[in-house]
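# Architecture and fold: a report
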Amino acid sequence: MRIIAHLDMDAFFAAVEERDRPRLKGRPIVVGANPEDGKGRGVVSTANYKARAYGIHSAMPVTRAWELSEKAKKEGRPEVVFITPSGHRYGEVSDNIFTLVGKILEQACPPKFEGGNLERVSVDEAFLDLSSLGSFEKAESVVSKIKMEILSKEKLTCSIGLGPNKLIAKIASDFKKPNGLTVVREDEIEAFLEPMPIRKIPGLGPKTEIILNQIGVKTVKDLKEVSLEELNKILGKPRREGSGSRPRKASGWGIALYKKAQGLDDSPISGQEEGAKSIGEQETFAKDTLDPNFITDRLKLLTASVMRSFQKSGFESFRAVVVTVRFSGFETKNRSYTLKEPVSELKTLEFEALKLLYPFFDKRENPTKKKIRLIGVRIEKIK
Ligand SMILES: [Mg+2]
């Protein structure tokens, strides 16, 4: 089972400005291009929640934001404070936040993979892999702690979504903002997603929204009723969506959207690609030994333990097994075997690990009958 969290700071740039300039407290704030009294050319980067109440949002032309502010002013409401962004400072605050998050994660659930379990996706967003905790209850208490620590140390709020994959976690973090915590378990995905407007699906931009709305598809539930064939037809040619996105292959986007509508997503936390990760255990014996019965028993216990970690990791298969042996004199040898097909069973792991171990008992790998000090077993090529 996978447990993924998406952490998203609330109105990050505006929140940092508000925190650092007490005179701005409680005012509507827009961080973005200079509005130049309605003649500015850039866009809004971040609007805080007070400014959002005026209808201002990120990516809006800053002149439009200025107009909305003027309108509010005429109605006797406070005018918006426009601030040009100071990226450097936001970067520093971001580093502080994710260092803090990383420390909490390290204590709560040490990474099973070399890539770690924190993936920063932007200055104010990250995915966390909490699978090794084994339950959503535990994961919820860890992310609650993360929220509390960020608030107490950095005086900033964030919203967190917890789900069985990155897609659900991301939609969930956006569900209750600001300062939200939304948990969506595997069996709640359907009820959570179906009533949502299709625009809530990450990557689905305004153009696709219009095309789909035209055929009466408004919610995720509507979208699920469209066949893959039809989706591919409707979404037709490769095209661009939004700014900065790459054109997608028509068929690729059709199937991607089809899967997203079901809430399916198997993309890993980055750094955990196949090959980059392994799960392993090792044991140093109390006394160096060459007793095959004893060592075989210990190896079986290690494989069972590796298997438990593998099952908790949320990954589905592995393809390589490595056995490590360290002799009395600290000389260390590895033997490994790559299977033809990905596997996931303890029996297979145990069988392959024992086959790799046996040559260390005889002249094949141990002609001078050296005693063994440590053994280890590891699985690799995990998916
Ligand atoms: Mg944010």
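A quick note: this is a predicted structure, and the numbers were derived from the prediction, not measured.

## A look at the overall build of the protein chain
A count of helical and extended segments in the protein chain gives 13 helices and 12 strands. Its C-alpha radius of gyration of 27 Å places the protein chain more than 25% over the 21 Å reference for a compact globule of 383 residues. Taking the principal axes of the C-alpha coordinates as reference, the protein chain spans close to 90 × 55 × 35 Å. By the burial criterion, 34% of the 383 residues in the protein chain qualify as buried. Across the protein chain, the fraction of contacts at a sequence separation of at least 24, relative to all contacts at a separation of at least 6, is 64%.

## Structural notes on the sheet that holds strand β3 (residues 44–47)
Here three strands make up an open sheet; going across it, the order is β3-β2-β4 and the pairing mixed. In this open sheet, the two strands that pair with only one neighbour each are β3 and β4 (81–83). Taken pair by pair, the neighbouring strands of this sheet meet at an average axis angle of 25 degrees, ignoring direction. Across the sheet, helix α1 (residues 12–20) touches β2 (29–32), β3 and β4, and the angle it forms with β2 is around 120 degrees.

## Things to note about the confidence of the model for the protein chain
Looking at the protein chain as a whole, its pLDDT mean stands at 89, while 92% of the residues score no less than 70. Residue range residues 238–250 is modelled with pLDDT below 50. Its contacts to residues more than four positions away, or to other chains, number 16 contacts. Contacts from residues 272–276, a stretch scored under 50 in pLDDT, to residues over four places away or in other chains number 12 contacts.

## Observations concerning the domain arrangement of the protein chain
In terms of domains, the protein chain is made up of domain 1 (4–11 + 88–184), domain 2 (13–85), domain 3 (198–261) and domain 4 (278–380). Taken over C-alpha atoms, the centre of domain 2 sits 61 Å from the centre of domain 4.

## Here we look at the pairing of strand β10 (residues 318–327)
Bridge count between β10 and strand β11 (residues 332–343): eight bridges; the pairing is antiparallel. Paired with valine 323 across the strands is arginine 335, a residue of β11. Counted between consecutive antiparallel strands, the loop separating β10 from β11 contains four residues, among which phenylalanine 330 sits at a positive phi close to 75 degrees. One ladder, built from eight bridges, connects β10 with strand β12 (residues 372–380); its direction is antiparallel. Of the residues in β12, the one forming a bridge with threonine 324 is glycine 376.

## Notes on the environment of phenylalanine 351
With respect to the helices, strands and loops of the structure, phenylalanine 351 is situated in helix α13 (residues 346–357). Between the alpha carbons of phenylalanine 351 and histidine 6 there is a distance of 39 Å; along the sequence they are 345 residues apart.

## Observations regarding α1
For α1, a buried count of seven out of nine residues is recorded, marking the element as mostly surrounded by other parts of the structure. Regarding α1, the residues found buried are Phe12, Phe13, Ala14, Ala15, Val16, Glu17 and Glu18. Here the buried face of α1 lies against β1 (4–9), β2, β3, β4 and α4 (87–108).

## Remarks on the nonpolar core
Counting 54 residues, the largest nonpolar core has Ala5, Ile29, Val30, Val80, Leu128 and Leu162 as its most contacted members. Residue-level mapping places this core at the junction of two domains, with at least three residues from each of domain 1 (4–11 + 88–184) and domain 2 (13–85). Excluding residues that lie within four positions of it along the chain, leucine 128 makes contacts with Ala5, Leu7, Leu105, Asn117 and Leu118.

## Thoughts on the sheet that holds β12
The antiparallel open sheet is built from four strands, whose spatial order is β9-β12-β10-β11. Bordering the open sheet on either side are β9 (278–289) and β11, each of which pairs with just one other strand. Along the sheet, successive strands turn relative to each other by an average axial angle of 10 degrees, direction set aside. Helix α12 (residues 292–313) contacts β9, β10 and β12 of the sheet and is inclined by roughly 155 degrees relative to β9. Against the sheet, α13 touches β10, β11 and β12, its axis set at about 40 degrees to β10.

## Let's talk about helix α5 (residues 136–154)
For α5, which comprises 19 residues, the first-to-last C-alpha distance of 26 Å matches the rise-based estimate of 27 Å (1.5 Å per residue) to within 8%. The set of residues buried in α5 consists of Ala139, Val142, Val143, Ile146 and Ile150. In an axial view of α5, the angular spread of the buried residues amounts to 95 degrees, which keeps them on one side of the axis. For α5, the exposed residues lying more than 90 degrees away from the buried face are Glu137, Ser144, Met148 and Ser152. In the core, the buried residues of α5 are packed alongside β1, α4, β7 (158–163) and β8 (181–183).

## Quick notes on the packing of α12 against α13
In a pair of packed helices, the angle between the axes and the distance between the axes together describe the arrangement. Interhelical geometry of α12 versus α13 gives an angle of 140 degrees and a closest axis separation of 10 Å. Compared by their axis directions, α12 and α13 come out oblique. Helix-helix and strand crossings are classified by hand; for α12 and α13 the assignment is right-handed. Residues Thr296, Leu299, Lys300, Thr303, Ala304, Val306 and Met307 of α12 touch α13, and the partners they reach there are Leu346, Leu349, Glu350, Ala353, Leu354 and Leu357.

## Some points on the environment of tryptophan 66
Tracing the backbone through its elements, the reader meets tryptophan 66 in helix α3 (residues 62–74). Of the residues examined, tryptophan 66 has 23 C-beta atoms within 10 Å and is grouped as buried. Distance from tryptophan 66 to phenylalanine 82, taken between C-alpha atoms, is 8.6 Å for residues 16 residues apart in sequence.

## Observations regarding the packing of α1 against α4
Running from N to C, α1 and α4 point in directions that differ by 95 degrees, and their axes come no closer than 10 Å. Relative to α4, the element α1 lies roughly perpendicular. Touching Phe12, Phe13 and Val16 of α1 are Arg89, Tyr90 and Val93, all from α4. Looking at the contact of α1 with α4 residue by residue, the classes come out as five nonpolar, no polar and one charged.

Criteria and cut-off values
Residues numbered from 1 in each chain as written. Predicted model: local features only at pLDDT ≥ 70, side-chain atom pairs only at ≥ 80, totals over all residues. Helix = DSSP H or I, 4+ residues; strand = E, 2+ residues; numbered from the N terminus. Rg over C-alpha atoms; globule rule 2.2 N^0.38 Å. Buried ≥ 20, exposed ≤ 12 C-beta atoms within 10 Å, placed from the backbone. Contact = placed C-beta atoms within 7 Å. Pairing = 2+ DSSP bridges. Axes fitted to C-alpha atoms, helices over the stretch in contact; angles between N-to-C directions. pLDDT = per-residue confidence, 0-100. Domains from an automatic or database assignment. Core = buried A, V, L, I, M, F, W, Y, C linked by C-beta atoms within 7 Å. Expected span 1.5 Å × (residues − 1). Arc of directions from axis to C-beta. Parallel < 35°, antiparallel > 145°, perpendicular 65-115°, else oblique. Left-handed = near helix turned anticlockwise from the far one by under 90°. Nonpolar A, V, L, I, M, F, W, Y, C, P; charged D, E, K, R; others polar.

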